[in-house]
Amino acid sequence: MNKLFYYEIKRSYRYLAFMAIFAWVFAIITNFIFKIFKSSSLLISLGFYLVLGVIFLINLVYFTYRYRRDLFSKSSYFTFSISISTSKIILAKLLAGLMSCFICLGLYVGAFDLINLAFGLDRTALLSFSSYALFSILLYWLLAYVFLTIGINLSKVKLFKKYYEFVSLVFSVVMLVLVMWIMRNLYRLKPLMIDLKDFSIRSLSRVNGVDFFMIYYDINNRVLGINLWILLLACFLVAFGFFINVYLVEEKIDL
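Procedures and definitions
- Residues numbered from 1 in each chain as written.
- Predicted model: local features only at pLDDT ≥ 70, side-chain atom pairs only at ≥ 80, totals over all residues.
- Heavy atoms only, no water.
- Buried < 20%, exposed > 50% of the residue type's maximum accessible area, 1.4 Å probe, protein only.
- Helix = DSSP H or I, 4+ residues; strand = E, 2+ residues; numbered from the N terminus.
- Pairing = 2+ DSSP bridges.
- Salt bridge = Lys/Arg side-chain N within 4 Å of Asp/Glu carboxyl O.
- Axes fitted to C-alpha atoms, helices over the stretch in contact; angles between N-to-C directions.
- Parallel < 35°, antiparallel > 145°, perpendicular 65-115°, else oblique.
- Left-handed = near helix turned anticlockwise from the far one by under 90°.
- Contact = heavy atoms within 4.5 Å.
- Nonpolar A, V, L, I, M, F, W, Y, C, P; charged D, E, K, R; others polar.

A. Up close: the pairing of strand β1 (residues 192–195). Here β1 shows a buried face lined by Leu192 and Ile194 and a second buried face lined by Met193 and Asp195. With three bridges joining them, β1 and strand β2 (residues 201–203) adopt antiparallel strand pairing. Pairing of Ile194 across the sheet is with Ile201, part of β2. Relative to strand β4 (residues 223–227), β1 is paired through three bridges, and the arrangement is antiparallel. Its bridge partner lying in β4, Ile194 is registered against Ile226.

Here it is in structure tokens:
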């Protein structure tokens, strides 16, 4: 599977090169606009996270489309002609997409940091963005990717072939939104947190809310820990969705 994973990364070099240019261009443009109009820290943070969201979506759409093309177009014959199990093929594609998302986000954060420092702008956005925030973004990417590929696989199942592909994709998006809503409200049940200092599990007495990245911060904007319930649910859904995809491709799809 290692060779297949490296192949998936290698064939993404043009996409990664494009995203590197995209990251630097938008890092320069956003920081230049903030410099000209002397924007507040709030606007800088909004601009920073907006471009992060765009990169997230571009990566998600690209690798979801590639999944569909490699498994269900005419070229799928070559994909399944190699002596590798379906689970390894799907896993290699998932990991390659995840690695590419990590690279693209890292390129933008690095470029934004350098340009922001050169322009002498407010660094609140970068100070609030930690490795734990990046971890949660990647976990959300996995979750979204798995749900979208389930929608693609369902559209190829004999039972659902009479429906249009976008129906199953809309269904998967609706399910994803529902899951995200549940995850965003899990902290109301019991605010359990994994303390990042000693990796112990602690219960918080009062919580005003949970950060979008499922991270708790103190009053000084320092990371305290990650919401345990959201983390466990996200990991379970990613694993469950992966095995659903493998099952659909192996057993239920008339290729």
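B. Up close: the pattern of salt bridges. Across all of its chains, the model carries six salt bridges by this definition. Among the ionic pairs, Glu8 bridges to Arg66, the shortest N-O distance being 3.0 Å. Remark: Arg66 occurs in helix α3 (residues 41–72) and Glu8 occurs in helix α1 (residues 2–10); sequence separation between them is 58 residues. The exposure class assigned to Glu8 is buried, which follows from its relative accessible area of 3%. Judged by its relative accessible area of 3%, Arg66 is buried. For Lys93, the salt bridge goes to Glu8, with nearest N and O atoms at 2.9 Å. Taken as a pair, Lys93 in helix α5 (residues 86–119) and Glu8 in helix α1 lie far apart in primary sequence, 85 residues in all. Like Glu8, Lys93 is buried. Each of Glu8, Arg11, Arg66, Arg69, Asp70 and Lys93 takes part in salt bridges that share partners, so that together they form one network.

C. Local environment of the packing of α1 against α5. One way to put it is that α1 packs onto α5 with a least axis distance of 9 Å and a crossing angle of 45°. Between α1 and α5, the angle is such that the two are oblique. Every pair of crossing elements has a handedness; the one defined by α1 and α5 is right-handed. Residues Leu4, Phe5, Glu8 and Ile9 of α1 touch α5, and the partners they reach there are Lys88, Ile89, Ala92, Lys93, Leu95, Ala96, Met99 and Ser100. Class assignment for the residues of the contact of α1 with α5 results in eight nonpolar, one polar and three charged.

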